[in-house]
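Residues per chain, in single letters:
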Amino acid sequence: VLYPLDVLLAHWPTGRRIAVSAAFCLCTPALHAQDAAHRLAQEALIFDTHIDAPGMLTEGWRDLALQTDREFDYPKARAGGLDVAFMSIYTSPTEDAAGTAYDMANRQIDSVLALAARAPDKFAVLTSPGDAERLLAGNRILLPMGMENAAPLGDNLANVAFFFERGIRYITLAHSASNRVSDSSYSAERPWGGLSPFGREVIGEMNRLGMMVDVSHLSDAAAAQAIELSAVPVIASHSAFRHFTPGFERNISDDLAKSLAARGGVVQIPFGTAFVNPQAAATMQAKFTERAALHARNEKAKADGRPLEDVDAWNTAWDKAHPPLDTPITAVLDQLDYGVKLLGIDHVGIGSDFDGVGGELPAELRTVADFPKLVAGLRQRGYRDADIRKILGGNLMRAWTAIEAGAGKRHSR
């Protein structure tokens, strides 16, 4: 049974009454701040540009319309105020090399379409920012799709339009290895010195269709070329600022970020520890460097007819030797602060990477239900609600609208 506070106090000894009353007074401002943050999270448009749910569904199916053990599902999204969740259609360099990236991308797209079809009262696929307000009616979560790694395109330019018709609205041109389109920030091999000739054609076709060009994961040279080449703004769907992680090329440099923002783009900040914690970033860079050396050794061993090293065993040993690091939510807030000061309030957003970083996240940002904690942190740092709304989703919607409006434009280079 719950009794009003005045009734409880009336039956307690005077000394305890004073202590409890004082404690209640101390807690009230904090509770008020939590309520205000939760209310803003529910009222504002929250737009997350990178959630890896589709890839997780290929590993083990869950009905994301219900409560699950995943970082993204409908109940958690509603609790956190998330409205628009870009589903990441991710394919690996291994799948690219095996020729299976196209099939895997289509399987993941099918999983998103099926999710929306099974629960039309909870989800809808979003393909245009102009449809968002209408489709959000009834507390739906909207599911636009982005392709992380251009490998599924193969060497066929027509596949850009094919995947656009299937719902893809951005393409991250490369992932953890250089491909036919672009050099990767993680890759020791940089065959193109930035973008390939085919990659330049891909950007032109994306501009024509109104598809967003995403420079996350790219080498500095490739990102600079893509920003310069595109006739419309580009985005970084999930890139933190390299200012905090010197030498970690996966995060965006100040110069590239300013160039992107000057053309109307947005840098979307991820939450993963490896992006926002300097020590974790250095560890990730070392892992990719050493794993690339392992693959090179295996290639030579294969050519020489010698036994290959076990890559899975190597990964297990590496992860055991490098356990996850504790990282506070302030690391993410510091990234957002820095971006706003560097680029202005109109060019920073969020691309969490939920379900894509093996759970290595700040303790206060474990799932999509935790967005109110991010809102509370921004309010504590003095951000006005109007500016918080821009960070949560307004900036990305503005950029996407401009990119869609520029459909038909082609670069002249």
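Our subject is the structure listed above.
Residues numbered from 1 in each chain as written. Predicted model: local features only at pLDDT ≥ 70, side-chain atom pairs only at ≥ 80, totals over all residues. Heavy atoms only, no water.

Undergrad: Whenever I open this one, the overall build of the protein confuses me. Can you help?
TA: Assigned secondary structure in the protein consists of 17 helices and 10 strands. Taking 413 residues into account, the globule formula puts the C-alpha radius of gyration at 22 Å, and the protein, at 23 Å, falls close to it. Its C-alpha atoms put the protein at 85 × 50 × 45 Å along the principal axes. Within the span of the protein, comprising 413 residues, buried residues form 54% of the whole. In the protein, once contacts between residues fewer than 6 apart in sequence are set aside, the share between residues at least 24 apart is 72%. In the protein, 41 positive and 50 negative side-chain charges are present, and the distance between their average locations comes to 3 Å. (Helix = DSSP H or I, 4+ residues; strand = E, 2+ residues; numbered from the N terminus. Rg over C-alpha atoms; globule rule 2.2 N^0.38 Å. Buried < 20%, exposed > 50% of the residue type's maximum accessible area, 1.4 Å probe, protein only. Contact = heavy atoms within 4.5 Å. Lys, Arg positive; Asp, Glu negative; His and termini not counted. Charge placed at Lys NZ, Arg CZ, Asp CG, Glu CD.)

Undergrad: Hey, could you run me through the side chain of Ser 219 in this one?
TA: Along the chain, Ser 219 turns up in the loop between β7 (212-214) and α10 (220-229). Excluding residues within four positions of it along the chain, Ser 219 makes contact with Asp 183, Ser 184, Ser 185, Arg 190, Gly 194 and Glu 249.

Undergrad: How should I be thinking about the environment of Asp 254 in this particular structure?
TA: Within the fold, Asp 254 resides in helix α11 (residues 254-262). Each C-alpha atom of the pair Asp 254 and Arg 242 lies 7.3 Å from the other, and the pair is 12 residues apart in sequence.

Undergrad: Would you take a moment to explain the pattern of salt bridges for this structure?
TA: When the charged atoms of two side chains with opposite charge come close together, those side chains can pair. Evaluated as defined, the whole model comprises 24 salt bridges. Where Lys 122 meets Asp 121, a salt bridge forms, and the shortest distance between an N and an O atom there is 3.5 Å. The closest approach of N and O atoms between Asp 337 and Arg 381, which form a salt bridge, is 2.7 Å. In this pair, Asp 337 is assigned in helix α15 (residues 330-343) and Arg 381 in the loop between α16 (371-380) and α17 (385-405), connecting sequence segments 44 residues apart. The exposure class of Asp 337 is buried, given its relative accessible area of 14%. The exposure class assigned to Arg 381 is partly exposed, which follows from its relative accessible area of 32%. Within the structure, one salt-bridge network assembled from shared partners comprises Arg 62, Asp 69 and Arg 70. (Salt bridge = Lys/Arg side-chain N within 4 Å of Asp/Glu carboxyl O.)

Undergrad: Where do I start with the nonpolar core in this structure?
TA: Here is a general trend for soluble globular proteins: nonpolar side chains tend to be buried in one another's company. Among the nonpolar cores identified, the biggest contains 96 residues, and Phe 72, Phe 123 and Leu 173 are the most heavily contacted of them. With 7 residues, α15 is the single largest residue contributor to this core. (Core = buried A, V, L, I, M, F, W, Y, C linked by side-chain atoms within 4.5 Å.)

Undergrad: For this particular structure, what's the right way to read the pairing of strand β5 (residues 145-148)?
TA: A regular strand places its side chains on the two faces of the sheet in alternate fashion. Every second residue of β5 is oriented toward a common face, with Met 145 and Met 147 on one face and Gly 146 and Glu 148 on the other, all of them buried. Here 4 bridges tie strand β2 (residues 82-90) to β5, and the two strands are oriented parallel to one another. When the sheet's bridge partners are listed, Tyr 90 is paired in β5 with Glu 148. Pairing geometry for β5 and strand β6 (residues 168-172), over 4 bridges, is parallel. Following the sheet pairing, Met 145 is matched in β6 by Ile 168. Handedness of the crossover is the feature at issue here: the chain leaves β5, passes through helix α8 (residues 158-165), returns alongside β6, and the resulting connection is right-handed. (Pairing = 2+ DSSP bridges. Right-handed = clockwise from strand over helix to strand, strands pointing away.)

Undergrad: Even after reading the chapter, I still don't get helix α13 (residues 278-304), so can you show me in this structure?
TA: In an α-helix, one turn spans 3.6 residues, which is why side chains three or four residues apart end up on the same side. The terminal C-alpha atoms of α13 lie 39 Å apart, and with 27 residues this matches the ideal 39 Å at 1.5 Å per residue to within 8%. Among the residues of α13, Ala 280, Ala 281, Gln 285, Lys 287, Phe 288, Leu 294, Asn 298 and Ala 301 are the ones counted as buried. Residues of α13 that are buried in the fold lie against α12 (273-276) and α14 (311-321). The N-capping residue of α13, defined by a side-chain oxygen 3.0 Å from the backbone nitrogen of Gln 279, is Asn 277. At the C-terminal side of α13, Gly 305 shows a positive phi close to 75°. (Expected span 1.5 Å × (residues − 1). Polar contact = N/O pair within 3.5 Å; in protein donor to acceptor, adjacent residues only side chain to side chain.)

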